[in-house]
Amino acid sequence: MEATSSTTTLQRTPLSTLGQSPHQSKDDHVHVFEEEVAGLPQVESPNWHRPRRWAQIQRRLESNWPRVTRFVDYVRGPRPKVELPEPTPWVAAFTFRGRKYGAPLEHRWIRLTHSLSGKPLLLLVLGAVYIVGLAFFSRTQSFLTPAESWISCTSAYWSANDGCGLDGDGCAPFTDSSFDFRCPAQCASITLHNPRTIGDEQVNFKPLIVGGGDANFTYRGDSFLCAAAVQAGLVSDSRGGCGTVNLIGNFTDFLPRTSHGLTSLAFPTTFPLSFRFSASSPFGHCSDLRNEALAFNVLITVALFLVLRPKPIILFWCMVCIGFWHITLFSQPRSFPPDIADGFGTFLPALFVCYAFWRLAFRFVLPVFAKMPIEATILYLGPYWVTVLANLTTERIPIDRLTAADIKVQSGGITALIIIVLVLFVLVVNQLRVIRETGWLPYYLGWLSALYQGFLLGLFLNGTAAFDFDSMFQTKAQLRRDGVFGTDLPSFVTNATTFNSSVPFSNQTVSWSPLPDGESWDGFALLVDDVERYVGTALNYSLAALQGGLPHFFRLAFTNGSVAGDFTKAATLWANGTWADPLPGPS
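So, how was this worked out
- Residues numbered from 1 in each chain as written.
- Predicted model: local features only at pLDDT ≥ 70, side-chain atom pairs only at ≥ 80, totals over all residues.
- Heavy atoms only, no water.
- Pairing = 2+ DSSP bridges.
- Helix = DSSP H or I, 4+ residues; strand = E, 2+ residues; numbered from the N terminus.
- Disulfide = S-S within 2.5 Å.
- Phe/Tyr/Trp six-rings, centres within 6.5 Å; stacked < 30°, edge-to-face > 60°.
- Buried < 20%, exposed > 50% of the residue type's maximum accessible area, 1.4 Å probe, protein only.
- Contact = heavy atoms within 4.5 Å.

*Asks:* Mind showing me how you'd approach the pairing of strand β17 (residues 531–536) here?
*Replies:* Consecutive side chains along a regular strand alternate between the two faces of the sheet. Pairing analysis gives 5 bridges linking strand β16 (residues 523–528) to β17, with the strands arranged antiparallel. In the sheet register, L527 faces β17, and the bridge partner there is E532. Counting the residues in the hairpin turn of β16 and β17 gives 2 residues, including D529, whose phi is positive at 55°.

*Asks:* Please clarify how the state of the cysteines should be interpreted in this entry.
*Replies:* By definition, a disulfide is the covalent link that joins the sulfur atoms of two cysteine residues. By the definition in use, this model includes 4 disulfides. Covalently, C153 is tied to C187 through a disulfide, its sulfur atoms 2.0 Å apart. Disulfide C153-C187: the torsion about the S-S bond is -75°, which places it as left-handed. You can see C153 sitting in the loop between α5 (120–142) and β5 (175–183) and its partner C187 sitting in the loop between β5 and β6 (196–198), a full 34 residues away along the chain.

*Asks:* Is there a simple way to explain the packing of aromatic side chains in this structure?
*Replies:* Within a pair of aromatic rings, the relevant descriptors are the distance that separates the centres and the angle that separates the planes. Across all of its chains, the model carries 37 aromatic pairs by this definition. Judged by centre distance (6.2 Å) and plane angle (5°), the ring pair of Y130 and F296 falls under stacked. One end of the pair, Y130, is in helix α5; the other, F296, is in helix α7 (residues 290–308), with 166 residues separating them in the sequence. The exposure class of F296 is buried, given its relative accessible area of 17%. Aromatic side chains F316 and F362 sit 4.7 Å apart centroid to centroid with 50° between the ring planes, which places their arrangement in the tilted category.

*Asks:* Whenever I open this one, the environment of R401 confuses me. Can you help?
*Replies:* Of note, R401 is situated in the loop between α10 (373–388) and α11 (404–409). The class for R401 is buried, based on a relative accessible area of 6%. Ignoring any residue separated from it by four or fewer positions in sequence, one finds R401 in contact with H193, N194, D406, I407, L479, R480 and R481.

The values are spatial; any link to function lies outside them.
Rendered as structure tokens:
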């Protein structure tokens, strides 16, 4: 006699299989069967009572809150769930006023390339071509120039505010020094993201270039070296280049210049560090090959989608690998030359995240376009490459940090934010509409899904390859970067009313108010003409060491130990003896 059991049900075996003898009565058999059942482990199923409980809750909701019930039913969508029909090729034909137009392009292309698609050997050959080509481009791009000659787009000889220390000693030497350098491409678009004070002027959201307008193209030491080289015509913005920079020390009256799409600032007084360029190129292999590498990688992905057409999972992983290494090696390397080990340190975790993308999204949509290679190429690769190259596309949107101060200051920031919010709102509403109509999220198929997936995959790869993984949240200090701290500001006692221009220049002093009571500040730091000239507890500074007949700019900050707080905006003593008070706020 046998009985079968499970965690939820107990099946009775037909009487004929219970080993009943011809002389055994039915009652005897039932008695034996009950004894066997009593000996089995009893498992209570939680599902037995769920339908009854849920029905009671549902009836209660319907009677007490009928509107809530109708809303829940509307949001939940149809039951049973339905699936959207698979998209039809829109490049093949379309209907207008009842008549069909167009040609079966997809069908013809599939027939034309049928002998090449789905061939593992051809896929292996293309993979080998890609690896060899990638190695060639990477070596020629980055590893034939001495590693120490590479500089970034924001490299400069001088640091902001008191970054070079008292009298700039931390940035010495100022003269009799030269350096052979190589700049990457696209440095003209790398800008400041916090205000930088030059004299009495603040500059933001543009490359920092001061001077270059004299006959010898002399630039102030805190200018971005590569942007200055682009403006001087020594380096191409699209191809990068090499050059030699020579430090010449003190220079007075840096003149502005507009050339090669860049405009520099003027600085009408003396600065202790300046530089000029030599025309000769010290190295070979100075051209940036990122455009050629981009063309090569785009051709590889197009060949995969249009011609070879491997399985969707292979297409997906090819997109992941090609996009990641293009960013790491060419379009946005984190260092110059690229650090391959650092790249692999991010690549492996990125693969794990991309596997989740495949499981949750791509494996449901990408196979739908197996018979539409032309549309798959357009819908996936178009937005994919747009966001892989985010430094040239989405990062041009005038929003850097989503803070009120940034959005107000940056030109076009408010307009861009409104447009982004509206576009996202429309996309989300449409997505929710389709999901509600189907009632089944994983099987939401269509053109928009392909566009979203290609766009977001490229954006993810750009973020991880160029900047590594980051926190979902950023602290105020991280958002500040090299901006102001928000500390207290000292005040000048010398002002437009108290300054006496009749006193000889060498006898003049600039004075400021004492330290406030109850604060942790223990001294002052004074910038004169953007160079730290005094650190201490005194309440005045003599102008005897300065050159008369030139304008001079003064900015003051409290100090705590060796750390300075925010500096005031510049008070200006003009060459004619006129004193201009500083504007309110930090610099």
